[in-house]
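Chain by chain, the residues run as shown.
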Amino acid sequence: MLKSKIDRATSFEKRFENIGTIVFENSAMASKEVANEIAALIKVKQSQKQPCILGLATGSTPKGLYAELVRLHKEEGLSFKNVVSFNLDEYYPMEPDSVNSYVRFMNELLFKQVDILPENIHIPDGQLSKEEIAEYCNKYEAKIEALGGIDLQVLGIGGNGHIGFNESGSLQNSKTRLVALDHITRVAASKDFSGLSNTPRTAITLGVKKIMEAKRVILMAWGEGKSNIIRESVEGEVTNQVPASFLQEHNNAVFVIDKAAASKLTRINTPWLVEKIAWTDKMVRKAVLGLALHLKKPILMLTDADYIENGMSDLLADSGPAYDININIFNKIQHTITGWPGGKPNADDSSRPERAKPAKKRVIIFSPHPDDDIISMGGTFKRLYEQGHEVHVAYQTTGDIAVSDDEALRFASFVCDFNDKFRIQSAEADKIHRKAIKFLEKKKNSEIDTPEVRNIKGLIRKGEARAASHFIGLPDEQIHFMELPFYNTGTIEKKPVGEEDIKLIMNLIEKIKPHQIYAAGDLADPHDTHKVCLDAIFESVKRLKSKTYMKECWVWLYRGAWQEWGIDEIEMAVPMSPDQVLEKRHGIFKHQSQKDGVVFQGSDSREFWQRAEDRNKETADLYDQLGLSHYAAMEAFVRWMY
Ligand code: F6R
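Residues numbered from 1 in each chain as written. Predicted model: local features only at pLDDT ≥ 70, side-chain atom pairs only at ≥ 80, totals over all residues. Heavy atoms only, no water.

Caption draft 1: Looking closely at the overall build of the protein chain. Each helix and strand counted, the protein chain has 20 helices and 17 strands in total. Against the compact-globule benchmark of 26 Å for 642 residues, the protein chain has a radius of gyration of 27 Å, which places it among compact chains. Every one of the 642 residues in the protein chain was classed for burial, and the buried ones make up 53%. Residue pairs at least 24 apart in sequence account for 75% of intrachain contacts in the protein chain once pairs closer than 6 positions are excluded. Within the structure as shown, the protein chain displays about 28,400 Å² of accessible surface, and the carbon and sulfur contribution to it stands at 52%. Separation between the mean location of the 84 positive side-chain charges and that of the 91 negative ones in the protein chain comes to 3 Å. (Helix = DSSP H or I, 4+ residues; strand = E, 2+ residues; numbered from the N terminus. Rg over C-alpha atoms; globule rule 2.2 N^0.38 Å. Buried < 20%, exposed > 50% of the residue type's maximum accessible area, 1.4 Å probe, protein only. Contact = heavy atoms within 4.5 Å. Areas by Shrake-Rupley, 256 points an atom, 1.4 Å probe, with all protein chains shown as cover. Lys, Arg positive; Asp, Glu negative; His and termini not counted. Charge placed at Lys NZ, Arg CZ, Asp CG, Glu CD.)

As structure tokens, then:
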């Protein structure tokens, strides 16, 4: 059993929660604990000479769990001979050896690496004819029943609260069946299928009823992206709109989540509503800004009554009256605003986000993909350059997989046409391009690009990034293309950060000796390229920490294309005028391969320049609502103290 001591929260703190929820520092620690519970169960069953019936899930969430189970098998002798597994679901239609099949997923990540007997593995069959499905599903359930039901069911959770592929609207007694996938589920899957149009519309899923009948259910969730749905499932009412909420009625279900996925739970998001807390500066800022936005009042208009009526009377008693708390927070927020992201020369910097000295700073902007710099901090980038700092930009990856085949075909054909036109005879170059064209013309869905095609796609993005940096004003020698090796797999799945990646980053820092580093601080998705890029920077900075020049180096984190820092977290907000917003838009336009229906559109149909503008305007609007100056847009940063 997962030991409750791991989660120090008391039952009083958890009183808003309707389901056992254990919060771990990170997904690796959580996965290990879940693996331990499964291993213990397998062993108990072995000692009783019983089969152990496991319900298994796929997706990104259980990957760490399966890796740990494989480790337990290889290093600690855990045997899976008595395990009988039933997978939750499979896309329909789906060939078992397709790159995206759950059969392949399970074989690669678990089954082929342990000693489970092939006849004990059950995964819904994606190759049946439509007519065969109903009977097949009945038999799938009958097999589970004949074995006495599922002993332990592993679950992930969809952004809409789905479990298995039981989408919103599924009934609590739903059976194993063919289902239509929600748009949001398909969008989440579309990155594996190279676009929405190739993503299956249907799947076979175990019904909610069999999941609810499992003797033990462990639902896992990682990352900030899951935090809203976790809160709804755990604290909201039981509703078929959020199928995971059904688990509130299960007598032995637990949610095992990491800190980021837990971040919206009441006990973590607004702990002062749960119990008496020690009011740190951070907490006061969060609570006061939350109160002002909730009541739609500027900070300076909050009254004693507002504090008392909203669970903050102890703060008022400690640090009140309201006027004092308000003015203190107002000033702090005011001091985050600066038009001088590199520091204002010859100005008193005691309450500014950046130091005045040295007046001319060396700056490295790390951009995970070739467009994150301009999308997320284009306004600040331009200001730093215009204010005379020596700005370097370092593109960490090639970003090749986000270029469409059409675009690559266009460029490859251009080169061939160019060579023909000017009678340039390079048999070798011509061969490369013709080979790429041939591949692209015949490319099947989900086929991995050849090295030639990947290079063409990478070069397209390189040209765009260079154009955007030139647009800002940077000379070529201040534009660095790092091509970190972890990224170069040709698939969405990336390697973890490696020594070589870290070395490349350390070398650049060492060479430039920056006073400021900007990095994409996307902590939300543990598998994303941004997170790996950030880990590589963090590790490099930690290793270089003792160098004298690093004592002068401040690290500022911007957020990626998808979201912004919480208003209470922002430590530097760089305002933009309407003209500067337009200028940034033109910079983003340099990334032509990322316009008009990109490969990785995500669930948001807006183009990147629109997302950036909306997000920067939202930040400015929040400052306005809080009673500070009204700007057209603002870019936000948080300082990383290392
Ligand atoms: C997978 C499954 C789904 C996933 C869910 C979360 O077998 O049934 O319910 O668990 O979509 O997916 P990830 O883990 O990729 O976020």
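Caption draft 2: Expanded view of the pattern of salt bridges. Applying the stated criterion to the full structure yields 40 salt bridges. The shortest N-O distance in the salt bridge between Arg71 and Glu68 comes to 3.0 Å. Taken together, the positions of Arg71 and Glu68, both in helix α2 (residues 63-76) and three residues apart, correspond to about one turn of that helix. Accessibility expressed as a relative area gives 10% for Glu68, which makes it buried. One salt-bridge network, in which partners are shared between bridges, spans Lys32, Glu68, Arg71, Glu75 and Glu76. (Salt bridge = Lys/Arg side-chain N within 4 Å of Asp/Glu carboxyl O.)

Caption draft 3: Looking closely at the site of the ligand. Around the ligand sit 13 residues in total, of which Thr58, Thr61, Asp89, His162 and Lys226 are the nearest. Contact distances for the ligand include 2.4 Å between an oxygen atom and a side-chain N or O atom of Asp89. Here an oxygen atom of the ligand and a side-chain polar atom of Lys226 are 2.6 Å apart. Here the residues of the shell around the ligand sort into three nonpolar, eight polar and two charged. (Near = heavy atom within 4 Å. Polar contact = N/O pair within 3.5 Å; in protein donor to acceptor, adjacent residues only side chain to side chain. Nonpolar A, V, L, I, M, F, W, Y, C, P; charged D, E, K, R; others polar.)

Caption draft 4: Main features of the nonpolar core. Grouped together as the largest cluster of nonpolar side chains are 62 residues, with contacts concentrated most on Val288, Ile299, Tyr307, Met312, Phe366, Ile509 and Tyr623. Per-element accounting of this core gives the leading share, eight residues, to helix α18 (residues 529-544). Counting the residues that make up this core, at least three belong to each of domain 2 (276-333) and domain 3 (362-403 + 453-640). The residues contacting Tyr623, other than those within four sequence positions of it, are Ile333, Thr336, Ile337, Ile567, Ile570, Ala573, Leu628, Ser629 and Met634. Formed by 35 residues, the second largest nonpolar core is a distinct cluster that contains Leu2, Ala35, Cys52 and Phe105. (Core = buried A, V, L, I, M, F, W, Y, C linked by side-chain atoms within 4.5 Å. Domains from an automatic or database assignment.)

Caption draft 5: Region of interest: the pairing of strand β2 (residues 52-56). Counting buried residues along β2, five of its five residues qualify, which places the element largely inside the surrounding structure. Side chains Cys52, Leu54 and Leu56 of β2 all project onto a buried face; the interleaved residues Ile53 and Gly55 project onto the opposite face, where all are buried too. Pairing geometry for β2 and strand β3 (residues 83-87), over five bridges, is parallel. Within β3, the residue paired with Leu54 across the bridge is Ser85. (Pairing = 2+ DSSP bridges.)

Caption draft 6: Up close: a nonpolar patch on the surface. Nonpolar side chains collect at one region of the surface, where Phe414, Phe418, Phe422 and Ile424 lie side by side and expose about 420 Å² of accessible area between them. Within the secondary structure layout, Ile424 lies in the loop between α14 (405-421) and α15 (427-442). (Patch = residues over 30% accessible without salt bridge, like charges linked within 9 Å, V, L, I, M, F, W, Y side chains within 5 Å.)

Caption draft 7: Just the sheet that holds strand β16 (residues 572-576), in detail. Spatially, the seven strands line up as an open sheet ordered β13-β12-β11-β14-β15-β17-β16, and their pairing is mixed. What marks the edges here is a single partner per strand, and that holds for β13 (479-481) and β16. Strand-to-strand twist in this sheet, taken as the mean axis angle between neighbours without regard to direction, amounts to 25°. Where β16 meets strand β17 (residues 633-640), five bridges bridge the pair, whose relative direction is antiparallel. Paired with Met572 across the two strands is Phe637, which belongs to β17. Helix α16 (residues 451-472) contacts β12 (390-395) and β13 of the sheet and is inclined by roughly 165° relative to β13. (Axes fitted to C-alpha atoms, helices over the stretch in contact; angles between N-to-C directions.)

Caption draft 8: Seen up close, the pairing of β12. Counting buried positions over the six residues of β12 gives five, a clear majority of the element. Of the strand pairs in this sheet, strand β11 (residues 362-367) and β12 are connected by six bridges, and their pairing is parallel. Each bridged residue has a counterpart across the sheet, and for Arg362 the counterpart in β12 is Glu390. As paired elements, β12 and β13 share three bridges and run parallel to each other. For Tyr395, the partnering residue across the bridge sits in β13 and is Phe481.

Caption draft 9: Focus on the packing of helix α13 (residues 372-386) against α16. Look at α13 against α16: their axes get within 10 Å of each other, and the N-to-C directions meet at 30°. The pairing of α13 with α16 is recorded here as roughly parallel in orientation. Relative to α16, α13 is oriented so that their crossing is right-handed. Where α13 approaches α16, its residues Asp373, Ile374, Gly378, Phe381, Lys382 and Tyr385 are matched on the opposing element by Ser469, Phe471 and Ile472. Here the residues of the contact of α13 with α16 are counted per class, giving five nonpolar, two polar and two charged. (Parallel < 35°, antiparallel > 145°, perpendicular 65-115°, else oblique. Left-handed = near helix turned anticlockwise from the far one by under 90°.)

Caption draft 10: Representation of the packing of aromatic side chains. Within the structure shown, the criterion is met by 17 aromatic pairs. Taking 4.9 Å as the distance between ring centres and 45° as the angle between the ring planes, the aromatic pair formed by Tyr91 and Tyr102 counts as tilted. Here Tyr91 is found in strand β4 (residues 89-92), whereas its partner Tyr102 is found in helix α3 (residues 102-109), with 11 residues between them in sequence. Here the two residues Tyr91 and Tyr102 agree in accessibility, since each one is buried. Aromatic pair Tyr518 and Phe637: ring centres 5.4 Å apart, planes at 75°, arrangement edge-to-face. With Tyr518 in strand β14 (residues 516-520) and Phe637 in strand β17, this residue pair connects regions lying 119 residues apart in the sequence. (Phe/Tyr/Trp six-rings, centres within 6.5 Å; stacked < 30°, edge-to-face > 60°.)

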